[in-house]
Amino acid sequence: MEKQNVLARRVQRNASAKEQARTAYLMLIPALIILGIFVLYPIVSAGYLSLTSWDGFNPEKPFVGLSNYIRLAEDKEFWNSLLVTVIYAFGVSVLSVISGLFFALLLDAPLRGRGIYRTIYFLPVVTSSVAIAIVWKYMLDYSGLINTWLGKIGIAGPDWLQNRWLALLALTLLTVWKNLGFNIVLYLTALQSLPKAVFEASEIDGANKLKQVRFIVVPLLRPMTFFVIVQALINSFQAFDLVYVFTEGGPRGGTDVLGMMMYRQAFRLGDFGYGTAISLVTLVLVLLVTLVQWKLKGSDEK
């Protein structure tokens with residue numbers, strides 16, 4: 001009798017689990033439909049388009065196979081764009097972590113008017129990228145505000161936007177400044193969730209603020225730092241609007257990130273097949289970078 005009861009309960013649990021799974025699948029159907037229409041279908045369409053030679057207007061799309069990818073591998077312009085993008089992404093990710101954590105620590109302290117400071121730092125995030133790029137472009141012009149200030153203290157300012165490395169540095173700083181407020185909010189949220197008991201115990205042991213940041217804050221904020229780095233890398237590989245307005249990829253390809261090259265090939269030169277191939281390679285690179293980051297994060301936690 002007892003065995004029959006156990007068997008009956010097991011059958012009932014299995015039936016309940018199947019019913020829950022069926023309900024879950026039914027509830028996932030709308031999300032899967034949206035995912036298929038707006039994510040999977042565009043990716044598949046782009047994959048096919050990258051295997052064609054299309055000018056964007058002709059109804060016929062001649063199939064050329066892997067020619068666009070072979071051309072990509074032999075294109076010096078692409079390798080320059082890839083190098084520029086990697087340097088740009090690395091600089092943005094490192095400076096985003098340093099600046100975001102630094103200002104978050106300052107704003108987490110008991111300052112008078114702390115809310116006003118937080119609002120000021122967040123303003124660039126909600127300001128138009130085009131407007132910000134135009135303002136920075138005028139500021140860094142050879143006769144602009146920055147060089148005028150430098151001239152007042154006896155320093156001859158460089159031609160920022162006509163030197164490829166200075167232009168890339170300026171673009172990196174512009175991107176970091178544009179997203180600084182968002183990174184500050186992320187780190188502030190993480191800081192306020194840290195256990196207060198740990199800091200109180202460290203103060204009893206004689207740890208000053210600097211040691212607390214080094215040995216407590218930085219290790220405990222690793223998950224948030226990982227998120228900031230991944231987000232900065234992805235955004236850098238997708239960068240376009242700031243670059244387009246700020247430098248248009250110049251000078252001499254010094255800020256010609258992959259997004260600029262893709263736009264130029266597809267919309268200016270009318271080679272949509274080649275432009276789509278660049279976009280798909282960029283997608284693959286972003287996925288690889290994210291996977292590597294996840295692997296490194298997993299190895300650190302072991």
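All values derive from a computational prediction rather than experimental measurement. (Residues numbered from 1 in each chain as written. Predicted model: local features only at pLDDT ≥ 70, side-chain atom pairs only at ≥ 80, totals over all residues. Heavy atoms only, no water.)

Colleague: Lay out the side chain of Asn 183 with the relevant residues and their values.
Modeller: For Asn 183, the position within the fold is in helix H7 (residues 164–192). Residue classification places Asn 183 among the buried positions, given a relative accessible area of 3%. Setting aside residues up to four positions removed in sequence, Asn 183 forms contacts with Ser 96, Gly 100, Val 228 and Gln 231. (Helix = DSSP H or I, 4+ residues; strand = E, 2+ residues; numbered from the N terminus. Buried < 20%, exposed > 50% of the residue type's maximum accessible area, 1.4 Å probe, protein only. Contact = heavy atoms within 4.5 Å.)

Colleague: Account for the environment of Leu 49, with residues named and values stated.
Modeller: With respect to the secondary-structure elements, Leu 49 resides in helix H1 (residues 2–49). As a C-alpha pair, Leu 49 and Ala 131 span 82 residues in sequence and 34 Å in three-dimensional space. Look past the residues within four positions of Leu 49 in its chain and what remains in contact with it is Trp 54, Lys 61, Phe 272, Gly 273 and Thr 276.

Colleague: Please set out the packing of helix H3 (residues 76–108) against helix H4 (residues 114–126) residue by residue, giving values where relevant.
Modeller: Closest axis-to-axis distance for the H3/H4 pair is 10 Å, and the angle between their directions is 155 degrees. The orientation of H3 relative to H4 falls into the category roughly antiparallel. Counting all contacts with H3, which are made through Phe 103, Leu 107 and Asp 108, the residues of H4 involved are Arg 114, Tyr 117, Arg 118 and Tyr 121. In terms of residue class, the contact of H3 with H4 is made up of four nonpolar, no polar and three charged. (Axes fitted to C-alpha atoms, helices over the stretch in contact; angles between N-to-C directions. Parallel < 35°, antiparallel > 145°, perpendicular 65-115°, else oblique. Nonpolar A, V, L, I, M, F, W, Y, C, P; charged D, E, K, R; others polar.)

Colleague: So what about the nonpolar core? Which residues, and what values?
Modeller: Counting residues in each nonpolar core, the largest one holds 22 residues, and the members touching the most others are Tyr 88, Trp 136, Leu 140, Leu 174, Val 243, Phe 246 and Val 257. For this core, the elements supplying multiple residues, two or more each, are H3, helix H5 (129–139), H7 and helix H11 (241–246). Sort the elements by how many residues they give to this core and H7 lands first, with five residues. The contact partners of Leu 174, leaving out residues within four places of it in the chain, are Ile 132, Ala 133, Trp 136, Leu 242 and Phe 246. Listed in part, the 18 residues of the second largest apolar core include Leu 180, Ile 184, Leu 221 and Val 228. (Core = buried A, V, L, I, M, F, W, Y, C linked by side-chain atoms within 4.5 Å.)

Colleague: Go over the environment of Leu 123 with me, naming the residues and quoting the values.
Modeller: Residue placement: Leu 123 occurs in helix H4. In this structure Leu 123 comes out as partly exposed when scored by relative accessible area, which is 45%. Note: C-alpha distance between Leu 123 and Leu 180 (57 residues apart in sequence) is 9.6 Å.

Colleague: Tell me about the packing of aromatic side chains, and please be specific about residues and values.
Modeller: Enumeration according to the criterion identifies 11 aromatic pairs in this entry. Between Phe 78 and Trp 79, the ring centres sit 5.3 Å apart and the planes meet at 65 degrees, which makes this aromatic pair edge-to-face. Residue class for Trp 79 comes out partly exposed when judged on its relative accessible area of 46%. When the centroid spacing of 5.2 Å and the interplanar angle of 80 degrees are considered together, the rings of Phe 102 and Phe 103 count as edge-to-face. A residue is classified by how much of its surface remains accessible, and Phe 103, at 21% relative accessible area, is partly exposed. One aromatic cluster is present, formed by Trp 54, Phe 240, Tyr 244, Tyr 263, Phe 267 and Phe 272 through successive ring pairs. Above the ring of Tyr 274, the side-chain terminus of Arg 71 is found at 3.6 Å from the ring centroid. (Phe/Tyr/Trp six-rings, centres within 6.5 Å; stacked < 30°, edge-to-face > 60°. Lys NZ or Arg CZ within 6 Å of the ring centre and 35° of its normal.)

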